[in-house]
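Understanding the architecture of this molecule
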Amino acid sequence: MKTLQAYNPAVAFFYLIICALLPVFSVNPVILCVSLFLSVSFYLLTVKNGSRHFHLFSAAVFAAVTVVNPIFSHNGRPVLFVMNDNPVTLEALLYGAAMGAALVSAIYWFAAFSKIMTSDKIMYIFARVSPKAALLISMTLRFIPMFKKTAQQTSDAQKATGLYNDTDSAANLKSRLQVYSSVVTRALETGIVTADSMEARGYSSGKRTGFAIYRFDMRDGIFSAVALLLFIFFVLGSAFSNSEFIYYPDISQIPHDAFSLVCYISYFIMAALPSALELGDIFKWKFLISKI
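Rules used throughout
- Every chain's residues receive numbers from 1 upward, in the order its sequence appears when written.
- The predicted nature of this model means local features are confined to residues of pLDDT at least 70 and side-chain atom pairs, given and counted, to a pLDDT of 80 or more, with totals for whole chains, interfaces and linings taken over all residues.
- Remark: hydrogens and water are excluded; side-chain values derive from all non-hydrogen atoms of the structure.
- Note on conventions: DSSP H or I runs of at least 4 residues are helices, E runs of at least 2 residues are strands, and numbering of each starts at the N terminus.
- Contact between two residues is taken to exist if any of their heavy atoms lie within 4.5 Å; hydrogens are not considered.
- Where accessible areas are quoted, they stem from the Shrake-Rupley method and a 1.4 Å probe; at the residue level, only the protein chains shown are allowed to cover.
- The buried label applies to any residue whose accessible area, calculated with a 1.4 Å probe on protein chains only, is under 20% of its type's maximum; exposed applies above 50%, and partly exposed to all values in between.
- Each residue carries a pLDDT score, the predictor's own confidence in it, on a scale running from 0 to 100.
- A fitted line through C-alpha atoms serves as each axis, taken over the contacting stretch for helices, and the angle formed by two N-to-C directions is quoted from 0 to 180°.
- An angle counts as roughly parallel when it lies under 35 degrees, as roughly antiparallel when it exceeds 145, as roughly perpendicular when it falls between 65 and 115, and as oblique in every other case.
- Residues were grouped as follows: Ala, Val, Leu, Ile, Met, Phe, Trp, Tyr, Cys and Pro as nonpolar; Asp, Glu, Lys and Arg as charged; and all remaining residues, including Gly, as polar.

On to the overall build of the protein chain, then. For the protein chain, the count of helices and strands is nine helices and two strands. Restricting to contacts in the protein chain with at least 6 residues of sequence separation, those with at least 24 account for 72%. By element, 67% of the accessible surface of the protein chain is carried by carbon and sulfur atoms, the whole surface being about 18100 Å².

Moving on, we get to the side chain of Thr 150. Relative to the elements of secondary structure, Thr 150 occurs in helix 6 (residues 131–160). According to the relative accessible area criterion, Thr 150 is buried, its value standing at 10%. When neighbours within four sequence positions are excluded, Thr 150 is seen to be in contact with Val 183 and Arg 186.

Let's shift gears to the confidence of the model for the protein chain. Model confidence for the protein chain is summarised by a mean pLDDT of 78, while 81% of its residues fall at 70 or above. Least confident of the elements in the protein chain is strand 1 (residues 79–83), whose mean pLDDT is 60; most confident is helix 2 (residues 29–46), at 88.

What follows is about the packing of helix 1 (residues 9–21) against helix 5 (residues 119–126). The geometry of helix 1 relative to helix 5 is characterised by a closest axis approach of 9 Å and an angle of 95° between their N-to-C directions. The angle between helix 1 and helix 5 places the two elements in the roughly perpendicular class. Between helix 1 and helix 5, the residues in contact are Pro 9, Ala 10 and Phe 13 and Lys 121, Ile 122, Tyr 124, Ile 125 and Phe 126, respectively. When its residues are assigned to classes, the contact of helix 1 with helix 5 shows seven nonpolar, no polar and one charged.

What follows is the structure, given as structure tokens:
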């Protein structure tokens, strides 16, 4: 069994994009809960050394969206309490939780996406369509970790020289602004040097050729066919079912007709496939290790 990282980059790219974007356009709590649970599971299986701060950040985003929505939206009938003469309703709170779940699940999907889709895979997908756009995306993906690394190095150097003063907030803020200024200056200089180097090497002066180690084999075709079939079932289930979930003015019941169940099951299988591939690869590896 191959994990999603070993499949053709185009297959992995469009598959993860679909898994991440479908819940964004849905307010159905079943779809949102499935997406949130499976996105977190896939992230934990893919990014095995994930930062604890990332999970805290995601939890803070969910809490913020859930709390902020009732402050600005006062629709709904059951009033939980009144704050500053503004009613906080149950519907507004649940709708905020739904929006928070959609946003957090998208964050986890794209966090796993950034781990799988490296810069060379992005170049492989977009190079033939738009080489300049592919190069821009690749340089952007490279720039973000490089920017963070440079900022950390600059901060450590300034700490070593004694510029930071933890007891003085104003001096600490000034030092951090100096770090930011120096890092931005270095980034701009690096961009100029890169552009001059590419021009000197004749970039975009002739017909571009490319080489890729990726091939679209039979396993990629089977996986794509299964994904396309699940997507069609999801779309047809959504189109012919009564899967619309309403929050205002009253919370509706969760749709559970036959077409809605097709929609739920299709998305569950689609979102669970990446995690199933990862788990299958882990179990296979442990089984082979046990035979040694």
